[in-house]
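Coordinates in review
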Amino acid sequence: MTPILLNCMGSEHNEFIKQHVQVNNPYLEGMEEDILYHFSLSNRTHNLPEMFGDIKFVCVGGSANRMKAFAQFIHQELQLPGNPKEITDICEGTDRYCMYKVGPVLSISHGMGVPSISIMLHELIKLLHHAQSRDVVVFRLGTSGGVGLAPGTVVITDKAVDYSFRAQFEQVVLGKVITRSTELDEGVASELLQCSSELQNIPSVIGNTMCTSDFYEGQGRLDGALCSFSRAEKLEYLRKAYEAGVRNIEMESTVFAAMCRVCGLKAAVICVTLLNRFDGDQITSTHDVLTEYQQRPQVLVSHFIKKRLGLIV
Ligand SMILES: O=P(O)(O)O[C@H]1O[C@H](CO)[C@@H](O)[C@H]1O
Ligand SMILES: O=c1cc[nH]c(=O)[nH]1
């Protein structure tokens, strides 16, 4: 039964709603088969409860290589049997996204930008629903441009905000704009900050994250193929963003927060900053430095998962 239809049916049902993933679409119920096209999976051809029913943590990030590396890393961290190098891509039937399952952890890539992550999230949320997964926490592990922070700082998002610093995501549906809230789970964010204080070399802050639909002009960069503003205008916009609590800029957080929230999934965004945007636009750190920065959100979330699983106190 689709939880959303049970909304007014008493406390037992409310408990069911809290734990399960709530797809928000009455038409799904009547479909004989649901093909998750971009994952190359279907609820008829695959036993989704058997494959994914035990998932408790989903980690998503833009790059396929990063999410494979994360899957191998968490395999080692959880000391699971088998060779982490031999983990296979569940979505190998498509080259849109990659997906690895490591015990109770799912690691998935989502590409760059709101349209790419939103397609992935529709299919992920339906997958978790078909699999009857319960009590799932979803993390976005990403990279970002810092606003007034030293490169390498990990930002745990308080609110995901749009270009006007509003905690909302606008989606055009049938020619009309639908606005959804982008607030994330406060408890998970503070648990993550606590985890960072227990680790060495993961400088972390809680702050707002601005989500844009472009890396260059959309983030106020002066180094794109097009630039329609002055250096002074760029710095003024970043100053206003800083005053509104923005500490980093990336390209997926608002739709990620909005979709997880509507579907009853606890979610967090953890992005490392690659540069301080007050100092420049080009990413000049060496490959090795950038690789180490990108591991920081992974180390933080691994600590969180191990604590939640009771593997460390
Ligand atoms: O590092 P990822 O997760 O891809 O995230 C950030 O990096 C990409 C831009 O380089 C955008 O997708 C942005 O959100
Ligand atoms: O400046 C940056 C760096 C990484 N990702 C972004 O979206 N912006």
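Nothing here was measured: the structure is a model prediction, and the numbers come from that model.

**Regarding the site of ligand 2**
If you check the shell around ligand 2, you find Thr143, Ser144, Gly145, Phe215, Gln219, Arg221, Ile249, Glu250, Met251 and Leu275 and nothing else. One nitrogen or oxygen atom from the side chain of Gln219 is found 2.8 Å from a nitrogen atom belonging to ligand 2. The separation between an oxygen atom of ligand 2 and a polar side-chain atom of Arg221 is 2.7 Å. When the free accessible area of ligand 2 is taken as 240 Å², the share hidden by the protein chains comes to 93%. Looking at the shell around ligand 2, the elements with two or more residues in it are β6 (137–146) and β11 (246–250). At three residues, β6 tops the list of elements feeding residues into the shell around ligand 2. Residue composition of the shell around ligand 2, by class: four nonpolar, four polar and two charged.

**Notes on the pattern of salt bridges**
Across all of its chains, the model carries 15 salt bridges by this definition. Put simply, Arg239 and Glu236 hold a salt bridge, and the shortest N to O gap is 2.9 Å. Taken together, the residues span about one helical turn, with Arg239 and Glu236 both in helix α6 (residues 231–243) at a distance of three residues. Shared partners join several salt bridges into a network, and the residues in it are Glu236, Arg239, Lys240 and Glu243.

**A closer look at the state of the cysteines**
Across all of its chains, the model carries zero disulfides by this definition. Between Cys195, a cysteine without a disulfide, and Cys59, which holds the nearest cysteine sulfur, the sulfur-to-sulfur distance is 13 Å. Overall, Cys195 belongs to the buried group, its relative accessible area being 2%. Considering cysteine sulfurs only, Cys271 is the nearest to Cys211, which forms no disulfide, with 9.8 Å between them.

**Quick notes on the site of ligand 1**
The local shell around ligand 1 consists of Gly62, Arg66, Met112, Arg140, Gly142, Thr143, Phe215, Glu250, Met251 and Glu252. At 2.7 Å from an oxygen atom of ligand 1 is found a side-chain nitrogen or oxygen belonging to Arg140. Met251 is positioned with one of its backbone polar atoms (N or O) 2.8 Å from an oxygen atom of ligand 1. Burial of ligand 1 by the protein chains amounts to 87% of its free accessible area of 340 Å².

**A word on the packing of helix α4 (residues 114–130) against helix α7 (residues 253–262)**
The N-to-C vectors of α4 and α7 enclose an angle of 20 degrees; their axes lie 9 Å apart at closest approach. By the angle class used here, α4 and α7 are roughly parallel. Considering only the axes of α4 and α7, their crossing is right-handed. Contact residues: α4 offers Val114, Ile117, Ser118, Leu121, His122 and Ile125, while α7 offers Val255, Phe256 and Met259. Per-class residue counts for the contact of α4 with α7 are seven nonpolar, two polar and no charged.

**Considering the confidence of the model for the chain**
Per-residue confidence for the chain gives a mean pLDDT of 94, with 94% of residues at or over 70. Per-residue pLDDT, averaged within each element of the chain, yields its smallest value for helix α1 (residues 11–19) (51) and its largest for β11 (99). Low pLDDT, under 50, characterises residues 1–17; the stretch is placed with 19 contacts to residues that sit more than four places away or in other chains. Among the prediction metrics, the complex's ipTM stands at 0.99, with pTM recorded as 0.94.

**What to know about the side chain of Asn208**
Structurally, Asn208 can be placed in strand β10 (residues 204–211). Here Asn208 falls in the buried class, since its relative accessible area comes to 12%.

**Brief notes about the environment of Lys306**
Checked against the element boundaries, Lys306 lands in helix α8 (residues 287–308). A relative accessible area of 15% means that Lys306 is categorised as buried. A sequence separation of 229 residues divides Lys306 from Glu77, and the C-alpha atoms of the two residues are 8.0 Å apart.

**Section: the pairing of strand β4 (residues 99–102)**
The sheet contact formed by β4 and strand β5 (residues 105–109) spans four bridges and is antiparallel. Opposite Lys101, over in β5, you have Leu106 as the bridge partner. Where β4 folds back on β5, the antiparallel hairpin that results is connected by two residues, among which Gly103 adopts a positive phi of roughly 55 degrees.

**Digging into the pairing of strand β9 (residues 176–181)**
Direction of pairing for strand β8 (residues 168–173) relative to β9: antiparallel, over a ladder of six bridges. Each bridged residue has a counterpart across the sheet, and for Val172 the counterpart in β9 is Val177. With antiparallel pairing between neighbouring strands as the criterion, β8 and β9 make up a hairpin whose turn holds two residues, including Leu174 at a positive phi of roughly 50 degrees.

**Let's talk about the UniProt feature "domain: Nucleoside phosphorylase" (unreviewed entry) in the chain**
Sequence positions flagged by UniProt for "domain: Nucleoside phosphorylase" (unreviewed entry) are, in local numbering, residues 56–306. Helix makes up 34% of residues 56–306 and strand 27%, whereas the separation of the span's terminal C-alpha atoms amounts to 12 Å.

**Some details on the environment of Gly93**
Relative to the assigned elements, Gly93 resides in the loop between α3 (64–77) and β4. Overall, Gly93 belongs to the exposed group, its relative accessible area being 61%. Counting along the chain gives 52 residues from Gly93 to Leu41, while the straight-line C-alpha distance between them is 8.7 Å.

Analysis parameters
- Residues numbered from 1 in each chain as written.
- Chains lettered and ligands numbered in written order.
- Predicted model: local features only at pLDDT ≥ 70, side-chain atom pairs only at ≥ 80, totals over all residues.
- Heavy atoms only, no water.
- Near = heavy atom within 4 Å.
- Polar contact = N/O pair within 3.5 Å; in protein donor to acceptor, adjacent residues only side chain to side chain.
- Areas by Shrake-Rupley, 256 points an atom, 1.4 Å probe, with all protein chains shown as cover.
- Helix = DSSP H or I, 4+ residues; strand = E, 2+ residues; numbered from the N terminus.
- Nonpolar A, V, L, I, M, F, W, Y, C, P; charged D, E, K, R; others polar.
- Salt bridge = Lys/Arg side-chain N within 4 Å of Asp/Glu carboxyl O.
- Disulfide = S-S within 2.5 Å.
- Buried < 20%, exposed > 50% of the residue type's maximum accessible area, 1.4 Å probe, protein only.
- Axes fitted to C-alpha atoms, helices over the stretch in contact; angles between N-to-C directions.
- Parallel < 35°, antiparallel > 145°, perpendicular 65-115°, else oblique.
- Left-handed = near helix turned anticlockwise from the far one by under 90°.
- Contact = heavy atoms within 4.5 Å.
- pLDDT = per-residue confidence, 0-100.
- Pairing = 2+ DSSP bridges.
- UniProt positions renumbered as here; feature names shortened; annotations may be inferred.

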